Amino acid sequence: MPELHDSVFAHADEKDVTRALVREFAAQFDELIESDVIIAGAGPSGLICGKILAEQGFKTLIVERNNYLGGGFWIGGYLMNKVVLRAPSDDILDDLGIPYKSVGPGLFVADGPHACSRLIAAACDAGVKVLNMTSVEDVVVREGNRVAGLVINWTPVQALPRQITCVDPVAIETKVVIDATGHDASVISHLARRGIINVPGCDPMWVDRSEDEVVNRTGVVHPGLMAIGMAVSSVYGLPRMGPSFGAMLLSGIKGAEIAADLIRTPAATHELVAK
Ligand code: 48H
């Protein structure tokens, strides 16, 4: 053991720490002002989608309004941190190295914290960059209302009383925006409030129907804008599935395949709108 007066750590002054923080953040943020794809929401669908796109070499940014990543994947349901999934989602758990238990024919249970942390690590390892504590405030559009980016602001700014300060947001541009914000479909709802698209919200629960439908309807909802995960249910009025997470992962994987095609052939974003 070193003596109390010996320093174990490398020497640094406060200014060095502050400079390291500011310079590294600013350099990364500068890089992310233009990306190949922005995923709004770091729940299970957004994280797995980002992982696959980053693995393919696309510059992938996830914007998440909370400090923590993982969305509803930490807590499976009813404040119980077990995640239930149906086959064939066990293949994805195997790929991610998430331990799980078989509890019935084609029915599996994993620990929420273990599953969620493995998924976050996989996305980060693949090269996904994250702006957390950052909320989507609006969309950027170009000709024909094609979505070309997001308007973002620090999440705590929303908590400031308007009479104290009004902090203008900034905008970031991209080739494809993916709404992975869950029930709220927060990005798509910015088009809905202007009457450009309809967001009916999800239908009552019916797990056996809903998961297939979410995956089937995953895709482009408007030029430049896709929906994955629970946002798909909200946009198409599909039944909800409760705390069963396989469709979130499969929807994210399908969304990544579609986004990759769109990034490679941008003209397709104008035509390929899911019916
Ligand atoms: C930045 C935002 C904003 C915003 C929201 O809810 P999530 O876990 O989303 P999915 O679709 O990956 O998974 C849904 C699943 O968790 C679930 O709720 C299920 C299966 N429900 C079934 C049922 O019947 O209820 O994650 C969405 C993420 C969260 O982390 C939000 O904080 C974030 O998006 N988010 N981020 N700007 N405006 N809005």
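Residues numbered from 1 in each chain as written. Predicted model: local features only at pLDDT ≥ 70, side-chain atom pairs only at ≥ 80, totals over all residues. Heavy atoms only, no water.

S.K.: Lay out the overall build of the chain in plain terms, naming residues and giving numbers.
M.R.: A count of helices and strands for the chain gives 9 helices and 13 strands. Here the C-alpha atoms of the chain give a radius of gyration of 20 Å, agreeing with the 19 Å that 2.2 N^0.38 yields for 275 residues. C-alpha atoms of the chain, sized along the principal axes, occupy 65 × 50 × 40 Å. Relative to its 275 residues, the chain shows a buried fraction of 45%. Sequence-distant contacts, at least 24 apart, represent 68% of the contacts inside the chain between residues at least 6 apart. Charged side chains of the chain number 23 positive and 33 negative; the gap between the two group centres comes to 5 Å. (Helix = DSSP H or I, 4+ residues; strand = E, 2+ residues; numbered from the N terminus. Rg over C-alpha atoms; globule rule 2.2 N^0.38 Å. Buried < 20%, exposed > 50% of the residue type's maximum accessible area, 1.4 Å probe, protein only. Contact = heavy atoms within 4.5 Å. Lys, Arg positive; Asp, Glu negative; His and termini not counted. Charge placed at Lys NZ, Arg CZ, Asp CG, Glu CD.)

S.K.: How would you sum up the packing of aromatic side chains? Please name residues and give values.
M.R.: Using the criterion set out here, one finds 4 aromatic pairs in the structure. Ring geometry for Phe25 against Phe29: centres 5.8 Å apart, planes inclined by 25°, an arrangement best described as stacked. With Phe25 and Phe29 both in helix α1 (residues 14-32) and 4 residues apart, this pair spans about one turn of that helix. Looking at Phe25, the relative accessible area reads 38%, which means it is partly exposed. Given the relative accessible area of 22%, Phe29 is considered partly exposed. Members of the aromatic cluster, each reached through a chain of ring pairs, are Phe25, Phe29 and Trp154. In this arrangement the basic side chain of Arg217 is found over the ring face of Tyr236, its NZ or CZ atom lying 4.2 Å from the centre. (Phe/Tyr/Trp six-rings, centres within 6.5 Å; stacked < 30°, edge-to-face > 60°. Lys NZ or Arg CZ within 6 Å of the ring centre and 35° of its normal.)

S.K.: Lay out the site of the ligand in plain terms, naming residues and giving numbers.
M.R.: As a matter of local geometry, the ligand sits amid 26 residues, with Ser45, Glu64, Gly72, Arg240 and Gly242 nearest to it. Side-chain polar atom of Ser45 to an oxygen atom of the ligand: 2.7 Å apart, as the coordinates give it. Contacts to the ligand include Arg240, whose side-chain N or O atom sits 2.7 Å from an oxygen atom. When residues of the shell around the ligand are traced back to their parent elements, those giving at least two are α2 (44-55) and β7 (134-141). Per-element accounting of the shell around the ligand gives the leading share, 3 residues, to β7. A class-by-class count of the residues in the shell around the ligand yields 9 nonpolar, 14 polar and 3 charged. (Near = heavy atom within 4 Å. Polar contact = N/O pair within 3.5 Å; in protein donor to acceptor, adjacent residues only side chain to side chain. Nonpolar A, V, L, I, M, F, W, Y, C, P; charged D, E, K, R; others polar.)

S.K.: I'd like to hear about unusual backbone geometry, residue by residue, with values.
M.R.: The amide bond that connects Ala87 to the next residue, Pro88, takes the cis arrangement and shows omega of 10°. Here Pro88 lies in the loop between β3 (82-86) and α3 (90-96). The phi torsion at Met133 lies on the positive side, around 55°, for a residue other than glycine. Looking at where Met133 falls in the secondary structure, it is placed in the loop between β6 (129-131) and β7. Taking the relative accessible area as the measure of exposure, Met133 reaches 31% and is therefore partly exposed.

S.K.: Would you mind going over the nonpolar core in detail, with residue names and values included?
M.R.: Formed by 73 residues in total, the largest nonpolar core has its most connected members in Leu53, Leu150 and Ile178. In terms of residues, this core owes the most to one element, helix α8 (residues 246-264), which gives 9 residues. Look past the residues within four positions of Leu150 in its chain and what remains in contact with it is Ile38, Ala40, Val136, Asp138, Val139, Val140, Val170, Ala171, Ile172, Val177 and Val187. (Core = buried A, V, L, I, M, F, W, Y, C linked by side-chain atoms within 4.5 Å.)

S.K.: Give a detailed account of helix α6 (residues 207-217), specifying residues and quantitative values.
M.R.: Those residues of α6 that fall on the buried side of the exposure criterion are Ser210, Glu211, Val214 and Val215. Angularly, the buried residues of α6 cover 125° about the axis, an arc narrow enough to put them on a single face. Those residues of α6 that are exposed and aimed more than 90 degrees away from the buried face are Asp208 and Asn216. Turning to α6, the residues buried within the fold contact β3, α7 (230-236), β13 (239-240) and α8. Following α6 by one or two positions, Gly219 adopts a phi angle in the positive range, close to 155°. (Arc of directions from axis to C-beta.)

S.K.: Outline the sheet that holds β3, supporting the account with residue identities and numerical values.
M.R.: In space, the 3 strands of this open sheet follow the order β3-β5-β4, with antiparallel pairing throughout. Two strands bound the open sheet, and with one partner strand each, they are β3 and β4 (101-104). Averaged over neighbouring strand pairs, the angle between their axes works out to 35° when direction is ignored. Examined bridge by bridge, β4 and strand β5 (residues 107-111) share 3 bridges and lie antiparallel to one another. Directly across from Gly104, in β5, lies its bridge partner Leu107. (Pairing = 2+ DSSP bridges. Axes fitted to C-alpha atoms, helices over the stretch in contact; angles between N-to-C directions.)

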